[in-house]
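# Remarks on the overall topology
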Amino acid sequence: MSSASMTSGEMTSGEMTSREACVARDLVDPLRAFRDRFVIPEGVIYLDGNSLGPMPRAAASILNHTIEKEWGQDLIRSWNSAGWFDMPARLGDRVGALIGAAPGQTLVCDTTSINLYKAIHAAIGLRPDRDVVIAEDESFPTDLYIIEGAMKSAGRPMQRRLIGSDGPSIEALIDRNVAVAVLSHVNYRTGELLDMAAITKRLHDAGALVVWDLCHSVGVVEIDFDRHAVDFAVGCTYKYLNSGPGAPAFISVAKAHQGTAQHPLSGWWGHAAPFAFDRDFRPDSGIKRFLCGTQPIISMRAVEAALDAMGRVEVTALRQKSLALTELFMSRVSALLPGLDIVTPRETSLRGSQVGIEFDKGFAVVQAMIERGVIGDFRAPDLMRFGFAPLYVRFEDVWDAAEILADCIKAEVWRDPRYNRKLEVT
Ligand SMILES: *Cc1c(COP(=O)(O)O)cnc(C)c1O
């Protein structure tokens, strides 16, 4: 089922009008057993899993085994005996299952930024007679910066068209000069969800390709990579997939492009025969051509631990609970603080799994909430962001978080200088 076909009726928070009702709802939550698979510190309501997911409980022992046994004892033999060498493709297929991509089209490797560079460069190369890249004004900055870099190294002059400043919508910017559009499935600030099916089709109708950035949708929104014939996708594993700080990202490339798509980081892991040690680069015929070099195996194991923690959970179930959590939060916040500016769409087909609230004293409010155990984050100039990860966030947490937010605003916490101190990472 696509997100667009989901109705809001079955998951309104209408019945959750008290804390007790939320607790009761948690008791019948089909996903409630997953919470125990993660370390959630005592007294913490964690609403920042859209930025860094919590640690899977099994991660420490799995990583310890990798370090002590595979690295410590088995040494270089582990490339074969522990399956280290195959991890990008093996884990890639598991991430592929979460985004509707059949096996053989996804790799876990490198970072989102690097994978964006590979995908954009490859897409530009597949459309040699076109010179336009569409991007979003409101894109996460690395996507914009990487687009600039990929355009400069394209080998021919390229132009950028920005949704927002160059035209009101993607519709207004599509023509037969467009090589590729690079789009965030869920906007990292507003939480707005784009219609992947319709936009991908529109681009294809104009002969253009698409790179979808799934950083804020993988693991919480249903995605149909194959059904919508998506060309390229990239995304993080450290957000809703909980693989840990700096964990390798993923890249998906449609089968149809794998024989012809070329990326510029032609390292030995992307060679058709890495251990032939040939002098000339000859790309692998399949998805592995999108590898570059040796991968961080210890971090790869954390991705594996995180995917194990998710087990066989259905993305549909994650999506349903996610929508119910965000709906509850928005309706509680609106009830407690009627004037507050919630920038996230109320319409279920238009939002991902986070809620953004614009408030000029938002920085101090988020700091005060953190002191009271509710961890969200702040994005300059004035956005408070709260992510609702259905694997471990409970309805009772949502109830409490809304109360604490309202308390902090009513108490005007920004008058206290200790909530205004800025650290390097917000
Ligand atoms: C989190 C995020 C990234 C992060 O990229 P890194 O290479 O991991 O630093 C990129 N794009 C979007 C849209 C993100 O939300």
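Residues numbered from 1 in each chain as written. Predicted model: local features only at pLDDT ≥ 70, side-chain atom pairs only at ≥ 80, totals over all residues. Heavy atoms only, no water.

The subject of this paragraph is the nonpolar core. One finds Phe 329, Ile 357, Val 365 and Leu 405 to be the most contacted residues of the largest nonpolar core, which totals 99 residues. Examining the composition of this core, we find that ten residues originate from one element, helix α12 (residues 395-410), more than from any other. Counting the residues that make up this core, at least three belong to each of domain 1 (19-57 + 314-420) and domain 2 (85-310). The contact partners of Phe 329, leaving out residues within four places of it in the chain, are Val 355, Ile 357, Phe 386, Phe 388, Val 398, Ala 401, Ala 402 and Leu 405. (Core = buried A, V, L, I, M, F, W, Y, C linked by side-chain atoms within 4.5 Å. Buried < 20%, exposed > 50% of the residue type's maximum accessible area, 1.4 Å probe, protein only. Helix = DSSP H or I, 4+ residues; strand = E, 2+ residues; numbered from the N terminus. Domains from an automatic or database assignment. Contact = heavy atoms within 4.5 Å.)

Before going further, it helps to spend a moment on the packing of helix α10 (residues 315-336) against α12. Contact geometry of α10 with α12 gives a least axis separation of 9 Å together with a crossing angle of 30°. Our classification of the angle between α10 and α12 gives roughly parallel. Once α10 is placed against α12, the crossing between them reads as right-handed. Between α10, through Lys 321, Ala 324, Leu 325, Leu 328, Phe 329, Arg 332, Val 333 and Leu 336, and α12, the contact on the second element is made entirely by Phe 395, Val 398, Trp 399, Ala 401, Ala 402, Glu 403, Leu 405, Ala 406 and Lys 410. For the contact of α10 with α12, the class distribution of residues is 13 nonpolar, no polar and four charged. (Axes fitted to C-alpha atoms, helices over the stretch in contact; angles between N-to-C directions. Parallel < 35°, antiparallel > 145°, perpendicular 65-115°, else oblique. Left-handed = near helix turned anticlockwise from the far one by under 90°. Nonpolar A, V, L, I, M, F, W, Y, C, P; charged D, E, K, R; others polar.)

Split into domains, the chain comes out as domain 1 (19-57 + 314-420) and domain 2 (85-310). When each unit is reduced to the centre of its C-alpha atoms, the spacing between domain 1 and domain 2 is 29 Å. On the domain 2 side, the residues contacting the 35 residues of domain 1 number 25 residues. Interface area for domain 1 against domain 2, summed over the two sides, is near 2,300 Å², with a carbon-plus-sulfur share of 57%. Of all residues in domain 1, Val 315, Arg 319 and Gln 354 bury the most surface against domain 2, accounting for 20% of the area lost on that side. Scanning the region where domain 1 abuts domain 2 turns up zero salt bridges. Applying the counting criterion to the domain 1 and domain 2 interface returns 14 residue pairs in polar contact (both at pLDDT 80 or more). (Buried area = accessible area lost by both parts, 1.4 Å probe. Salt bridge = Lys/Arg side-chain N within 4 Å of Asp/Glu carboxyl O. Polar contact = N/O pair within 3.5 Å; in protein donor to acceptor, adjacent residues only side chain to side chain.)

A few words now on the pairing of strand β3 (residues 132-136). The buried count for β3 comes to five of five residues, which makes it a mostly enclosed element. Of the two faces of β3, the one holding Val 132, Ile 134 and Glu 136 and the one holding Val 133 and Ala 135 are both buried throughout. Relative to strand β4 (residues 159-163), β3 runs parallel, the two sharing five bridges. Within β4, the residue paired with Ala 135 across the bridge is Leu 162. Pairing geometry for β3 and strand β5 (residues 178-184), over three bridges, is parallel. From the neighbouring strand, Ile 134 faces β5, where its bridge partner is Ala 181. (Pairing = 2+ DSSP bridges.)

Before going further, it helps to examine the environment of His 257. The residue His 257 is located in helix α8 (residues 255-258) in this model. On the accessibility criterion, His 257 (13% relative accessible area) is buried. Residues His 257 and Gln 105 lie 152 residues apart in sequence; the distance between their C-alpha atoms is 9.9 Å. Once residues within four sequence positions are removed from consideration, His 257 is found in contact with Leu 126, Leu 209, Asp 231 and Phe 232.

Moving on to the UniProt feature "modified residue: N6-(pyridoxal phosphate)lysine" (unreviewed entry) in the chain. In the numbering adopted here, UniProt assigns the feature "modified residue: N6-(pyridoxal phosphate)lysine" (unreviewed entry) to Lys 239. Inspection of the secondary structure assignment puts Lys 239 in the loop between β7 (232-235) and β8 (249-253). Exposure remark for Lys 239: the relative accessible area of 8% places this residue in the buried category. Residues in contact with Lys 239, not counting those within four places in the same chain, are Gly 49, Asn 50, Ser 51, Gly 53, Cys 215 and His 216. (UniProt positions renumbered as here; feature names shortened; annotations may be inferred.)

On to the site of the ligand. Thr 111, Thr 112, Ser 113, Phe 140, Thr 142, Asp 143, Asp 213, Cys 215, His 216, Cys 236, Tyr 238 and Lys 239 make up every residue found near the ligand. The contact in question runs from an oxygen atom of the ligand to an N or O atom on the side chain of His 216, over 2.9 Å. Contact between the ligand and Lys 239: an oxygen atom at 2.6 Å from a side-chain N or O atom of the residue. Contact with the protein chains removes 86% of the 390 Å² of surface that the ligand exposes when unbound. Looking at the shell around the ligand, the elements that each hand over two or more residues are α5 (112-126) and α6 (141-152). For the shell around the ligand, a count of residues per class yields four nonpolar, five polar and three charged. (Near = heavy atom within 4 Å. Areas by Shrake-Rupley, 256 points an atom, 1.4 Å probe, with all protein chains shown as cover.)

Strand order in the open sheet made by the seven strands is β2-β8-β7-β6-β5-β3-β4, with mixed pairing throughout. Each edge of the open sheet carries a strand with a single partner, namely β2 (106-109) and β4. Across this sheet, the average inter-strand angle for adjacent strands is 20°, counted without regard to direction. Across four bridges, the pairing between β2 and β8 is antiparallel.

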